[in-house]
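Chain residues, written in single-letter form:
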Amino acid sequence: MADDAIIGIKSSAIAFKQHVKHAVGASYLLAILLLSFGFYEKLGIDLWIGGLALMAAHLAYQLRRLDHNDPPLALHLFQSNRDAGLFLVVAVLLSQILG
């Protein structure tokens, strides 16, 4: 955030300042809700639910660890979003292969 502010980049981290955890949590919740509605409409109840649950747990873990005053940690957590998405992708693929 400090680097963004120095060079004048407008970012959501700067806009939310001390409320970054709330903003990230709301974004994660919205993503999980929209994914669940979309996959339910398309696939019904299937193995994807387990992947979505793992994804939600991973995102909750990230949120619990998030510290806006620790940029290296924030970068590490952001990069681990790849893992969160992978949980869902693997579950959807298994759902399609086995179903």
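Residues numbered from 1 in each chain as written. Predicted model: local features only at pLDDT ≥ 70, side-chain atom pairs only at ≥ 80, totals over all residues. Heavy atoms only, no water.

Novice: Help me out: how do you make sense of a nonpolar patch on the surface in this one?
Specialist: The grouping of Leu47, Leu86, Val89, Val90, Leu93, Leu94, Ile97 and Leu98 at the surface amounts to a nonpolar patch, some 760 Å² of accessible area in total. With respect to the helices and strands, the residue Val89 is situated in helix α6 (residues 81–98). With relative accessibility at 46%, the residue Val89 sits in the partly exposed group. (Patch = residues over 30% accessible without salt bridge, like charges linked within 9 Å, V, L, I, M, F, W, Y side chains within 5 Å. Areas by Shrake-Rupley, 256 points an atom, 1.4 Å probe, with all protein chains shown as cover. Salt bridge = Lys/Arg side-chain N within 4 Å of Asp/Glu carboxyl O. Helix = DSSP H or I, 4+ residues; strand = E, 2+ residues; numbered from the N terminus. Buried < 20%, exposed > 50% of the residue type's maximum accessible area, 1.4 Å probe, protein only.)

Novice: So what exactly am I meant to see when it comes to helix α4 (residues 48–65) here?
Specialist: The periodicity of an α-helix, 3.6 residues per turn, causes residues three or four positions apart to be oriented the same way. Compared with an ideal rise of 1.5 Å per residue, which puts 18 residues at 26 Å, α4 spans 26 Å between its outermost C-alpha atoms and is within 8% of the ideal. Turning to α4, its buried residues are Trp48, Gly51, Leu52, Met55, His58, Leu59 and Gln62. The arc that holds the buried residues of α4, viewed along the axis, is 125°, so those residues lie on one side. (Expected span 1.5 Å × (residues − 1). Arc of directions from axis to C-beta.)

Novice: How do you make sense of the nonpolar core when you look at a structure like this?
Specialist: The nonpolar side chains of a soluble globular protein tend to be buried with one another. In terms of nonpolar packing, the biggest core is built from nine residues, these being Tyr28, Ile32, Trp48, Leu52, Met55, Leu59, Ala84, Leu88 and Val92. Ranked by residue count, the leading element in this core is α4, at four residues. Contacts of Tyr28, omitting those with residues within four sequence positions, involve Leu59, Gln62 and Asn81. (Core = buried A, V, L, I, M, F, W, Y, C linked by side-chain atoms within 4.5 Å. Contact = heavy atoms within 4.5 Å.)

Novice: Which parts of the structure should I look at to understand the packing of helix α3 (residues 20–43) against α4?
Specialist: Each pair of packed helices can be described by the angle between their axes along with the distance between the axes. Contact pair α3 / α4: the axes reach a minimum separation of 10 Å and the direction vectors enclose 175°. Our classification of the angle between α3 and α4 gives roughly antiparallel. Here α3 contributes Lys21, Val24, Gly25, Tyr28, Ile32, Leu35, Ser36, Phe39, Tyr40 and Leu43 to the contact with α4, which in turn contributes Trp48, Leu52, Met55, Ala56, Leu59, Gln62, Leu63 and Arg64. Its residues assigned to classes, the contact of α3 with α4 shows 13 nonpolar, three polar and two charged. (Axes fitted to C-alpha atoms, helices over the stretch in contact; angles between N-to-C directions. Parallel < 35°, antiparallel > 145°, perpendicular 65-115°, else oblique. Nonpolar A, V, L, I, M, F, W, Y, C, P; charged D, E, K, R; others polar.)

Novice: Would you explain the side chain of Ser80 in this entry?
Specialist: Note on placement: Ser80 falls in the loop between α5 (71–79) and α6. Separated by 2.7 Å, the side chains of Ser80 and Gln62 make a polar contact. The residues contacting Ser80, other than those within four sequence positions of it, are His58 and Gln62. (Polar contact = N/O pair within 3.5 Å; in protein donor to acceptor, adjacent residues only side chain to side chain.)

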